[in-house]
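Observations on the three-dimensional arrangement
Each chain is listed here by its residues.
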Amino acid sequence: MSRPLVIVGDVVTMDPERPRAEAIAVVDGLVTAVGSVAEARAAVPAGTAGIRVAGTVIPGFVDSHVHLLWAGRRASRVSLTGATSIKDIQERIRGYARAHPGDGWIEADDNLDPWDLAEGRLPSAADLEAAAPGRGVLLDRRGHDALVSTTALTRAGITATTPDPPGGRIERDARGDATGLLVEHPAVALVRAVIPAPGRAEHLRWIEAGQAELLAHGITTAMDPAVGVAELAAYADAARAGALRLRVTAMPLGSEHVSFADLDLAATACGLERADPDRLRRGPTKLFLDGGGSLGTALLSTPWPGRPGYHGNQTLSRDVVLAHCRDAARAGRGAGVHAVGDAAIALVLDVLAEVNAETPIAGPGFHLIHAYLGPDAAAMRQARELGVRVSAHPALQWDFGLGLIDRLGEARAAAANPLRAWLDAGVEVGGGSDGPGPPIAPLHGMWQARTRRVRGRDAPLGPEQAVTAAEALALFTTGAAAITGGPGTGRLRAGDPADFAVLDGDPLAADPDALLTIRVTATVVGGTLTGTAAPDGVPAGATTTDTGATGAAEADTATAGTTTTGTATVDTAAGGRARGVPSWPFDLDFEDGER
């Protein structure tokens, strides 16, 4: 366990019985007292050192929906951040191909929309082929769709006669030939099937890189959704090796072809829940029901504007969603269902009402993921009555708000991500980033939730859906903790894990724009300092920056509180758990032995 200590400073506890304190005591990785300095000193052994911190101490941030593994893998992919044209994308792919010769696959995370590019359209298969002739190229669009090259289509055997897979679509031109756009997971899977799967060592590198980024933002607990079977095993290996420096809730990915029983077998086979229960737990099953608002594929009750008869994409049938949710409820677990459009939200709630009639679902982790496009008052009321939570992601609204306006008009876009309405309806909401892609920093998410600002626009979009400062902090502490589960509650109280972050400003300050300049100066998990701010760190609320055309450099590292990871040692007092051990960037408040 970590050494006992006393932290002295301005402490925000998120405990309504004692919202502010001047000190916290930590023994064996747990908070033993919160209150005055005298109360904290009385709750630790004699000789315990005290550390006076500058700024504000808050419970560690919790992200209820962040793709930790995907964040870690970005360094091995082409960086398209900031690309402004198809020509720019092509040059970056060419640069990567030169740096990585051969016939191996080239991949990138593509969060671009047509309006981001000078040509006003997305690159075609021919465009990508011209950038890397004879190489398979796949640009992953927000974890849903993909843009692929001609060679990729050929390797996958996709021709004009290839039928659309159930739940997916191969976009075709007037002649019936594939354009290179594959809509939703079943269609993307046709190409994924011929790409060599990453090995265990690669997964472990992604986990290390991903958690370093999250710790830099003060995140101490993360729920990683859509974790495949091989990735579950990698997480278990990392936990057994003592390599998890934050707490992870892994959501196994279910589908039409992967049942709840299959996920049970996989989790048992890799020893997921026995590996290190303090740092790794199995979360609710993740299911993808529909597409995305920015992609024009969310499942709506009315047709998408300009597309007569098209209501969006339904990836899974109702029967599949029902089977997964029924089995999860019977096993005392839950399910998080990706449901963006109002029709998808209604379908999930209808399924959960049916399941609830057989097995009560309140409590074990059932929640709506995103739920941002058009939920009505009846849906919100039903969610409250069923005890279904919502994992909401302000950074998404910031990222593609202009795109929603383009697709749906100002009024419907302004009503998207209705945090105020969900909270007023009595639904418990947990914050997340859905990163990488949208900014991962919780401080940025809090800022967007308070201001309703979106990328590329000065005026707020739907300011009536803004939340208060206290509500914004609750999104990324207590609200998210209720969804992720685990030992923490998102509060600092006696008996809770000593997970906290130190900020150089007060996140409850009246001016929400201050959130963009506040820095994370220290991150503590289980009483162990896991990261401190780099001397040249930039504000935690800063957005990502491009690091080069090849993607070989680290992506999105311009963040506050960059975690020190180069000095990892083994803390023998923690039973051999490997940890990064940076030095506290603050002064001692009282020396060892002083009481």
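For the structure, check the block above.
Below you will find a few notes about this structure. (Residues numbered from 1 in each chain as written. Predicted model: local features only at pLDDT ≥ 70, side-chain atom pairs only at ≥ 80, totals over all residues. Heavy atoms only, no water.)

Looking now at the overall build of the protein chain. Helix and strand content of the protein chain: 18 helices and 24 strands. The C-alpha radius of gyration of the protein chain comes to 23 Å, within 12% of the 25 Å expected for a compact globule of 595 residues. In terms of overall dimensions, the protein chain has a C-alpha envelope of 80 × 55 × 50 Å along the principal axes. Evaluated residue by residue, the protein chain yields a buried proportion of 59% over its 595 residues. When contacts within the protein chain are restricted to residue pairs at least 6 apart in sequence, long-range pairs at least 24 apart make up 73% of them. Counting every atom, the protein chain has about 20900 Å² of accessible surface; 54% of that belongs to carbon and sulfur. The distance from the centre of the 53 positive side-chain charges to the centre of the 71 negative ones in the protein chain is 2 Å. (Helix = DSSP H or I, 4+ residues; strand = E, 2+ residues; numbered from the N terminus. Rg over C-alpha atoms; globule rule 2.2 N^0.38 Å. Buried < 20%, exposed > 50% of the residue type's maximum accessible area, 1.4 Å probe, protein only. Contact = heavy atoms within 4.5 Å. Areas by Shrake-Rupley, 256 points an atom, 1.4 Å probe, with all protein chains shown as cover. Lys, Arg positive; Asp, Glu negative; His and termini not counted. Charge placed at Lys NZ, Arg CZ, Asp CG, Glu CD.)

Scanning the model with the defined rule gives three cavities of 30 Å³ or more in all. As a volume, the largest cavity reaches approximately 310 Å³. For the largest cavity, the lining is made up of 29 residues, of which Asn111, Arg142, Gly143, His144 and Asp434 are closest to its centre. Among the secondary structure elements, those contributing two or more residues to the lining of the largest cavity are α2 (68-73), β7 (137-141), β14 (285-288), β15 (335-341), β16 (367-373) and α14 (394-408). Ranked by residue count, the leading element in the lining of the largest cavity is α14, at three residues. A class-by-class count of the residues in the lining of the largest cavity yields nine nonpolar, 12 polar and eight charged. Volume-wise, the second largest cavity comes out at about 170 Å³. Every element with two or more residues in the lining of the second largest cavity is listed here: β11 (219-227), β12 (247-252), β13 (280-282) and α18 (469-484). (1 Å grid on protein atoms, 1.4 Å probe; cavity = no way out; pocket = protein on both sides within 12 Å on 5 of 7 lines; lining within 4 Å. Points joined across faces, edges and corners; volume = space filled by probe spheres on them. Nonpolar A, V, L, I, M, F, W, Y, C, P; charged D, E, K, R; others polar.)

With that settled, the discussion passes to the sheet that holds strand β6 (residues 106-110). Spatially, five strands are ordered β6-β7-β8-β10-β9 in an open sheet, and the strand pairing comes out mixed. One side of each edge strand has no neighbouring strand; the edge strands of this open sheet are β6 and β9 (169-172). Averaged over neighbouring strand pairs, the angle between their axes works out to 25 degrees when direction is ignored. As defined by bridge partners, β6 adjoins β7 across five bridges and the pair is classed as parallel. Bridging from a neighbouring strand, Asp109 pairs with Asp140 of β7. Packed on one face of the sheet, helix α6 (residues 185-192) meets β6, β7, β8 (145-148), β9 and β10 (178-183) and runs near 120 degrees to β10. (Pairing = 2+ DSSP bridges. Axes fitted to C-alpha atoms, helices over the stretch in contact; angles between N-to-C directions.)

Below, the discussion takes up unusual backbone geometry. For the bond from Gly435 to Pro436, the omega torsion is 5 degrees, close enough to zero to count as cis. Within the fold, Pro436 resides in the loop between β18 (429-431) and α17 (442-451). Positive phi is not limited to glycine here, since Asp28 has a value of about 55 degrees. Structurally, Asp28 can be placed in the loop between β2 (20-27) and β3 (30-35). Positioned with a positive phi, Glu184 is a non-glycine residue whose angle comes to about 75 degrees. By the element assignment, Glu184 lies in the loop between β10 and α6.

Taken as a whole, the largest pocket spans an internal volume of roughly 1500 Å³. In this structure, the largest pocket is lined by 43 residues; those nearest its centre are His185, Ala189, Arg192, Glu231 and Leu253. Counting only elements with at least two residues in the lining of the largest pocket, the list comes to α2, β6, β7, β8, α6, α7 (200-216) and α8 (229-240). Ranked by the residues each element gives to the lining of the largest pocket, the list is headed by α6, at five residues. Per-class residue counts for the lining of the largest pocket are 24 nonpolar, 10 polar and nine charged.

To continue, consider the environment of Ala226. Along the chain, Ala226 falls in strand β11. Take Ala226: its relative accessible area is 9%, and that puts it in the buried class. Through-space distance from the C-alpha of Ala226 to that of Gly365 is 15 Å; in sequence the pair is 139 residues apart. With residues up to four places along the chain from it excluded, the contact list for Ala226 reads His67, Glu231, Met251, Leu253, Lys286 and Phe288.

All right, on to the pattern of salt bridges then. Throughout the structure, instances matching the rule amount to 39 salt bridges. For Asp424, the salt bridge is made with Arg420, and the minimal N-O distance between the two is 3.1 Å. Highlighted residues: Asp424 and Arg420, both in helix α16 (residues 419-424), separated by four residues, approximately one helical turn. Accessibility expressed as a relative area gives 58% for Asp424, which makes it exposed. Its relative accessible area of 17% is what places Arg420 among the buried residues. Two residues, Asp496 and Arg493, come together in a salt bridge whose shortest N-O distance is 3.3 Å. Looking at Asp496, the relative accessible area reads 5%, which means it is buried. Using a relative accessible area of 30% as the deciding quantity, one classes Arg493 as partly exposed. (Salt bridge = Lys/Arg side-chain N within 4 Å of Asp/Glu carboxyl O.)

According to the stated counting rule, one finds one aromatic pair in the structure shown. Measuring from centroid to centroid gives 5.9 Å for Tyr372 and Phe400, while their planes differ by 40 degrees, and the two rings are tilted. Residue Tyr372 is found in strand β16, and its partner Phe400 is found in helix α14; the two are separated by 28 residues along the sequence. With respect to class, Tyr372 is no different from Phe400; both count as buried. Above the ring of Tyr310, the side-chain terminus of Arg307 is found at 3.9 Å from the ring centroid. (Phe/Tyr/Trp six-rings, centres within 6.5 Å; stacked < 30°, edge-to-face > 60°. Lys NZ or Arg CZ within 6 Å of the ring centre and 35° of its normal.)

Geometry only, nothing functional implied.
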